[in-house]
Structure formats: C-alpha cells, structure tokens
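Here is what each chain is made of, one letter per residue.
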Amino acid sequence: MSGLADALVIVAVAVVVIARQFRASRIDSERRWWLLPAILAVVALREPGILDPHHHTASVLLLGAELLVGLATGAGWAWTTRIWAEQDGTVWSKGSMASAAVWGVGIGLRVGLFALGAAVGVHQDSSALLLGLAGTLLVRAGILAWRGQSRPASNRSGAYRESTARPAGKERV
C-alpha cells in the first residue's frame with residue numbers, strides 16, 4: 001500500500017474506533033477480538049519501509065517507542081473504560097472522558113515521536129503508526145475481554161460491582 005493509502009486506513013480506523021468508544025458496546029469474550037489488530041499488524045509488517053535503512057538504529061528505537069506508546073495507550077484506554085453487566089449477564093463497556101484523555105495523550109506522544117524522527121533525519125513510514133495502532137487495539141480488546149470474564153460468578157447476573165463497597169451500576173473511573 002502507498003503511504004497515502006496507509007494514512008487513510010489509519011485515519012479511518014482511528015475515527016471509527018474513537019467514535020465507537022463513546023457508545024455502549026457489548027463485550028463478547030467469545031468473539032475474535034484479536035482479529036482486527038492482527039490484520040492491521042500484517043498490513044504494517046508486509047511493508048518494506050517500516051525501518052529506515054540509512055538510520056537503522058534510530059528507526060528501530062523509534063519503532064520500539066511507537067509500540068510502547070501504542071501498548072500503553074491501549075492499556076490506559078481499557079482501564080479507563082466503564083464496564084458493567086446487565087441483568088441477563090451480558091457485559092457492556094463505554095469510554096469515559098478519561099479514555100478520551102488517554103487517546104489525546106497517546107496522539108500527542110505519537111506526534112512527538114514523529115517530530116523527533118524528522119529532526120534526526122529518520123524516514124518514517126506510516127507502517128510504524130499502523131503497527132502501533134494494532135498494538136493499541138489488541139491490548140485494549142484483550143484487557144476488556146479479561147475484565148469482562150474475570151468478574152466473580154455472583155456478579156454476572158446483576159449490575160457489575162468491582163467491590164462490595166461500591167453501589168450497583170456502571171463502574172466509575
């Protein structure tokens with residue numbers, strides 16, 4: 001894929017994902033929650049320009065930093081997402097304002113990494129960003145699936161409560 005096509009895919013996926021985080025969505029741990037991140041990772045890794053051959057060490061460091069930012073953003077996003085169960089036991093999630101702040105910080109860090117790479121002359125392909133986005137989505141989906149499954153069985157039939165001291169209803173972040 002060309003750089004422009006990669007950028008459009010990244011923007012489209014990010015817009016859809018960010019917009020969907022503010023709608024309540026059902027967490028289905030049986031679903032293949034890892035599939036979209038896996039597809040994005042394959043698309044990113046099949047591109048030959050993920051590393052700059054003229055600045056190999058610097059591009060590896062920037063790629064590693066991009067992946068760490070992606071993983072941290074995914075974890076922060078998952079832990080700031082409200083999660084609750086309905087009376088029928090289905091588990092739901094919805095992003096909070098803290099989730100939006102995590103996204104803002106993650107985007108800011110990625111812009112900073114891009115600026116740093118440009119300042120030192122590293123050619124940066126959109127594949128690194130796509131790989132970071134795949135990491136973000138994978139970690140977020142995995143943590144939410146785990147949070148949905150790891151609740152005690154006694155809480156599955158009613159509103160989700162993280163502890164007995166908290167009132168029934170949506171989890172607050």
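Keep in mind that what you see is a predicted model, and the values were worked out from it rather than measured.

Student: Lay out the UniProt feature "transmembrane region" (unreviewed entry) in the protein chain with the relevant residues and their values.
Tutor: Sites flagged by UniProt as "transmembrane region" (unreviewed entry) map to residues 6–22, 34–51, 57–79, 100–122 and 128–146. Note that residues 100–122 is 87% helix and 0% strand, and that its end C-alpha atoms are spaced 30 Å apart. Structurally, residues 128–146 comprises 100% helix and 0% strand, and the distance from its first C-alpha atom to its last is 27 Å.

Student: Just give me the short version of the pairing of strand E2 (residues 82–85), but keep the residues and values in it.
Tutor: Relative to strand E3 (residues 91–94), E2 runs antiparallel, the two sharing 4 bridges. Bridging from a neighbouring strand, Ala-85 pairs with Val-91 of E3.

Student: So what's going on with the sheet that holds E2? Residues and values would help.
Tutor: Pairing is antiparallel in the open sheet, where 3 strands are placed in the order E1-E3-E2. One side of each edge strand has no neighbouring strand; the edge strands of this open sheet are strand E1 (25–27) and E2. Each strand axis lies, on average, 35° off the axis of its neighbour in the sheet, ignoring direction. Relative to E3, E1 runs antiparallel, the two being bridged by 3 bridges. Bridge pairing in E3 links Ile-27 to Val-91.

Student: Go over the packing of aromatic side chains, please, and point to the residues and values.
Tutor: The full count for this structure, using the stated rule, is 2 aromatic pairs. Ring plane angle 75° and centroid distance 5.0 Å describe the contact between Trp-77 and Trp-103, whose orientation is recorded as edge-to-face. Of this pair, Trp-77 sits in helix H3 (residues 56–79) while Trp-103 sits in helix H4 (residues 97–119), and the two are 26 residues apart along the sequence. Between Trp-79 and Trp-146, the ring centres sit 5.9 Å apart and the planes meet at 70°, which makes this aromatic pair edge-to-face. Here Trp-79 is found in helix H3, whereas its partner Trp-146 is found in helix H5 (residues 126–149), with 67 residues between them in sequence. Trp-79 gets classed as partly exposed once you look at its relative accessible area, which sits at 44%. If you follow Arg-140 out to its NZ or CZ, it ends over the ring of Trp-77, 4.3 Å from the centre.

Calculation rules
- Residues numbered from 1 in each chain as written.
- Predicted model: local features only at pLDDT ≥ 70, side-chain atom pairs only at ≥ 80, totals over all residues.
- Heavy atoms only, no water.
- UniProt positions renumbered as here; feature names shortened; annotations may be inferred.
- Helix = DSSP H or I, 4+ residues; strand = E, 2+ residues; numbered from the N terminus.
- Pairing = 2+ DSSP bridges.
- Axes fitted to C-alpha atoms, helices over the stretch in contact; angles between N-to-C directions.
- Phe/Tyr/Trp six-rings, centres within 6.5 Å; stacked < 30°, edge-to-face > 60°.
- Buried < 20%, exposed > 50% of the residue type's maximum accessible area, 1.4 Å probe, protein only.
- Lys NZ or Arg CZ within 6 Å of the ring centre and 35° of its normal.

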